[in-house]
Amino acid sequence: MDKYKNLRYRLMESEKWPLKYMFKFIIPNEEGKVDQVKALLPTEGEVSFKHTDNLKHVSVTCVALMESADQIIVITEKVDKIEGVIVL
């Protein structure tokens with residue numbers, strides 16, 4: 001079963017490609033995990049970070065112009081493999 005089937009379906013409904021897409025992840029603030037996620041995001045994207053009050057997690061948002069639904073799914077799947085990351 002494709003974990004991102006619904007996301008892929010919603011993206012495919014969009015008729016305007018390329019489109020600006022917002023990636024959003026909650027990342028444990030440990031062991032370079034933020035850097036791991038950053039390395040997977042589109043280099044031309046606008047990335048912002050926000051720490052939780054207790055500094056245990058970092059919210060990472062990246063808005064980037066994406067060429068296809070598959071491109072978005074590939075990035076999301078790679079980030080999701082990093083232990084502890086929550087994909088929003």
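Just so we're clear, the structure is a prediction, and the values are computed from it rather than from any experiment.

Chemist: Explain the sheet that holds strand 4 (residues 86-87) to me, please; I cannot follow it from the model alone.
Modeler: Each strand in a sheet pairs with another by means of backbone hydrogen bonds, the pair being arranged parallel or else antiparallel. Strand order in the open sheet formed by four strands is 2-3-1-4, and the pairing between neighbours is antiparallel. In this open sheet, the two edge strands, each paired with only one partner strand, are strand 2 (46-51) and strand 4. Across the sheet, helix 2 (residues 33-40) lies against strand 1 (19-28), strand 2 and strand 3 (57-66), angled at about 165 degrees from strand 1, the strand it touches most.

Chemist: For this particular structure, what's the right way to read the nonpolar core?
Modeler: Within soluble globular proteins, side chains that are nonpolar tend to cluster in buried spots. In this structure, Y21, F23, F25, V37 and L41 are the most contacted members of the largest nonpolar core, which totals 23 residues. Taken together, the elements giving at least two residues each to this core come down to helix 1 (5-13), strand 1, helix 2, strand 3 and helix 3 (69-80). Ignoring sequence-local partners within four residues, the contact set of F23 consists of L41, P42, V60, T61, C62, M66, I72, I75 and T76.

Procedures and definitions
- Residues numbered from 1 in each chain as written.
- Predicted model: local features only at pLDDT ≥ 70, side-chain atom pairs only at ≥ 80, totals over all residues.
- Heavy atoms only, no water.
- Pairing = 2+ DSSP bridges.
- Helix = DSSP H or I, 4+ residues; strand = E, 2+ residues; numbered from the N terminus.
- Contact = heavy atoms within 4.5 Å.
- Axes fitted to C-alpha atoms, helices over the stretch in contact; angles between N-to-C directions.
- Core = buried A, V, L, I, M, F, W, Y, C linked by side-chain atoms within 4.5 Å.
- Buried < 20%, exposed > 50% of the residue type's maximum accessible area, 1.4 Å probe, protein only.

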